[in-house]
Amino acid sequence: MKAEFGPEAPETRQVIRMAERHPDIRTEVHVIRGSMRTLTEIYLLGPTASISSEPFEEFPAVEKVIRIRERYRTVGRHEGQAEAVGFEYNGVHFSQDSFFLFPGVCAVDTRENLEATFRALRAAGISTTRAGAYKPRTSPYDFQGHGAKCLPWTFELAGKYGIRVIAMEVTSESHVDEIHDALAAAGNPTGVMLQIGTRNAQNFELLKSVGSQQEFPVLFKRGMGITLEESLNAVEYVASGGNHRIVFGLRGMKTNLGDPHRNFVDFAMVPVVKRLTRMPVCIDPSHSVGKRTLAPDGLTDIHHVTAQGVIAGANMVLVDFHPNPEEALCDGPQALTPPELEHFVRDAQLVRDAYLQRLKLKNELG
Ligand code: PEP
Ligand code: MN
């Protein structure tokens, strides 16, 4: 619908009635908040192949009729659909044009370490971070995260250091309630982006439950052993539930062909996901590479793959950081240390600037 016609507008109702006159067609109405404007989209679901788009195109309140061929219709960027889905959360604007670094602990361990982390971030001018309270681990004997009991001081410290958004993994619906309750009890000093980890990429019930709430945006990490198409269909579960505030994360693929990295780095997919969908794209160089090895040029592999994702237009970088990696209870070997943070931040910004200049050059040369 044209921007001035919202979901309740009589014109919108009229289009819905027109659509539902066709046998076996049902409709869904979605409100899409783009970076420039908010649009109401009416989906026709069912046997649409034989329906002519003309009568809809002739309807004055209709901006555009788009025939969807891909199955991920809400997150997808379909033919003629230029508008990307950007969103605002806790004062931070995420879109396919934005750029934020999210350095932080893989898992919250002690109050001292978390405070040292937030202090280092503030010094580096960063107000977006990651912090795991619920850790899905390969072995049941490994540290599983402190769970709900670390949330009160995690949120309190985040507020104290001006953190606006924490990416935090949830592995069950009850974690979302625990996060909501702890944030409310602390007076909402910060925000949380619910992270769906690669191991839960096809946990459809979890996807439906984070999709049916509107409070928190979602960072969906691509499944490590499924196709991109399957991951896009999976993330559609979140969007089809009504929550369109989603960032799509790349974190490497599980295969020995990526050795000696922990996962096969897949950041060549940044522009692909931006082309196929309207979501901002995040990269996770830490879980892709898995260690802090240096290349002969003195930069770590983590720096190098971050640069590869950022030069290709990544909108968000999730990166492990720990003030004392040898004390970390999870993924210490891949964590950046305090002396490395400034270098990492400035290096990433340098590459981001180079990406923006690449866009300028393209526009100059047409
Ligand atoms: C994480 O980010 O802490 C994590 C477990 O990532 P992934 O789901 O990509 O393995
Ligand atoms: Mn980890």
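Note that this is a predicted model, so its numbers are computed, not measured.

Engineer: Outline the coordination of the manganese ion (ligand 2), supporting the account with residue identities and numerical values.
Structural biologist: Each protein donor to the manganese ion (ligand 2) is listed here as Cys-106 (SG), His-287 (NE2) and Asp-331 (OD); together their distances run 1.9 to 2.3 Å. Mapped onto the sequence, the residues coordinating the manganese ion (ligand 2) show the spacing C-x180-H-x43-D. Taken together, the residues Cys-106 in the loop between strand S5 (100-104) and helix H3 (111-123) and His-287 in helix H9 (residues 285-289) connect sequence positions 181 residues apart. Among the residues examined, Cys-106 registers a relative accessible area of 4% and is labelled buried.

Engineer: Explain the environment of Phe-155 to me, using residue names and the numbers behind them.
Structural biologist: Relative to the helices and strands, Phe-155 is located in helix H4 (residues 151-160). Spatially, the C-alpha atoms of Phe-155 and Gly-191 are 8.5 Å apart, while their sequence positions differ by 36 residues. Other than its neighbours up to four places away in sequence, Phe-155 contacts Ile-166, Met-168, Ile-179, Ala-182, Leu-183, Ala-186, Pro-189, Thr-190 and Val-192.

Engineer: Could you give me a rundown of the site of ligand 1, with the residues and numbers involved?
Structural biologist: Near ligand 1, the surroundings consist of Cys-106, Arg-130, Lys-135, Glu-169, Gln-195, Gly-197, Thr-198, Arg-199, Lys-221, Arg-251, Asp-284 and His-287. Between Thr-198 and ligand 1, the recorded distance is 2.8 Å, taken from a backbone N or O atom to an oxygen atom. Contact distances for ligand 1 include 3.4 Å between an oxygen atom and a side-chain N or O atom of His-287. In isolation ligand 1 has 290 Å² of accessible area, and contact with the protein removes 97% of it. Given that more than half its atoms are within 2 Å of the pocket grid, ligand 1 belongs to the second largest pocket. A class-by-class count of the residues in the shell around ligand 1 yields one nonpolar, four polar and seven charged.

Engineer: Run through unusual backbone geometry, naming residues and quoting values.
Structural biologist: The omega angle of the peptide bond from Asp-259 to Pro-260 is 10°, so this bond is cis rather than trans. Relative to the elements of secondary structure, Pro-260 occurs in the loop between strand S10 (246-250) and helix H8 (270-276). Of note in this structure, Asp-24 is not a glycine but carries a positive phi near 65°. With respect to the helices and strands, the residue Asp-24 is situated in the loop between helix H1 (10-20) and strand S1 (26-33). Of the residues examined, Asp-24 reaches a relative accessible area of 67% and is grouped as exposed.

Engineer: Can you lay out the packing of H3 against H4 for me, pointing to particular residues and giving the numbers?
Structural biologist: Where H3 meets H4, the axes come as close as 10 Å, and the angle between the chain directions of the two elements is 25°. In terms of axis orientation, H3 runs roughly parallel to H4. Crossing handedness for the pair H3 and H4: right-handed. Contacts between H3 and H4 pair Arg-111, Leu-114, Glu-115, Phe-118 and Arg-122 from the former with Trp-153, Thr-154, Glu-156, Leu-157, Ala-158 and Lys-160 from the latter. Residue composition of the contact of H3 with H4, by class: five nonpolar, one polar and five charged.

What counts and what doesn't
Residues numbered from 1 in each chain as written. Chains lettered and ligands numbered in written order. Predicted model: local features only at pLDDT ≥ 70, side-chain atom pairs only at ≥ 80, totals over all residues. Heavy atoms only, no water. Donors = N, O, S within 2.8 Å, 3.2 Å for Na, K, Ca; no water. Helix = DSSP H or I, 4+ residues; strand = E, 2+ residues; numbered from the N terminus. Buried < 20%, exposed > 50% of the residue type's maximum accessible area, 1.4 Å probe, protein only. Contact = heavy atoms within 4.5 Å. Near = heavy atom within 4 Å. Polar contact = N/O pair within 3.5 Å; in protein donor to acceptor, adjacent residues only side chain to side chain. Areas by Shrake-Rupley, 256 points an atom, 1.4 Å probe, with all protein chains shown as cover. 1 Å grid on protein atoms, 1.4 Å probe; cavity = no way out; pocket = protein on both sides within 12 Å on 5 of 7 lines; lining within 4 Å. Sits in = over half its atoms within 2 Å of the grid points. Nonpolar A, V, L, I, M, F, W, Y, C, P; charged D, E, K, R; others polar. Axes fitted to C-alpha atoms, helices over the stretch in contact; angles between N-to-C directions. Parallel < 35°, antiparallel > 145°, perpendicular 65-115°, else oblique. Left-handed = near helix turned anticlockwise from the far one by under 90°.

By themselves, these are just geometric observations and shouldn't be taken as functional.
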